[in-house]
Amino acid sequence: MTEGKYDDIINLPHPVSRRHARMSMESRAAQFAPFAALVGHGDAINEKAGTHIDEWNEGSGIGLERGEFEDI
């Protein structure tokens, strides 16, 4: 096997801080989530869904409610 650039550190144990507690997966995910890159995207999806619901209600006998998908 050839010697690689990081062979001296590749098998070292992961460092553990004495000062800071390990970050939870939820906090870590929030930290790396996009910073409001899609502001208004959910509103646009809900508006389009509402349009489709209105069209569906006109053409079918089944009545769906607008806002039923607000949590998407």
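You'll find the structure just up there.
First, a word on scope: everything that follows refers to the structure included in this document.

Calculation criteria
Residues numbered from 1 in each chain as written. Predicted model: local features only at pLDDT ≥ 70, side-chain atom pairs only at ≥ 80, totals over all residues. Heavy atoms only, no water. Helix = DSSP H or I, 4+ residues; strand = E, 2+ residues; numbered from the N terminus. Buried < 20%, exposed > 50% of the residue type's maximum accessible area, 1.4 Å probe, protein only. Areas by Shrake-Rupley, 256 points an atom, 1.4 Å probe, with all protein chains shown as cover. Patch = residues over 30% accessible without salt bridge, like charges linked within 9 Å, V, L, I, M, F, W, Y side chains within 5 Å. Salt bridge = Lys/Arg side-chain N within 4 Å of Asp/Glu carboxyl O.

**Thoughts on the overall build of the chain**
Then, in step 1: Along its length, the chain carries two helices and zero strands.
Then, in step 2: For the chain, with 72 residues in total, the buried portion stands at 4%.
Then, in step 3: When the accessible area of the chain is evaluated, it comes to approximately 7300 Å², of which 57% is carbon and sulfur surface.

**A closer look at a nonpolar patch on the surface**
Then, in step 1: A cluster of nonpolar side chains, namely Tyr 6, Ile 9, Ile 10 and Leu 12, defines an oily patch on the protein surface of about 440 Å² accessible area.
Then, in step 2: Locating Tyr 6 in the fold gives a position in the segment before α1 (25–32).
Then, in step 3: The class of Tyr 6 is partly exposed, set by a relative accessible area of 49%.

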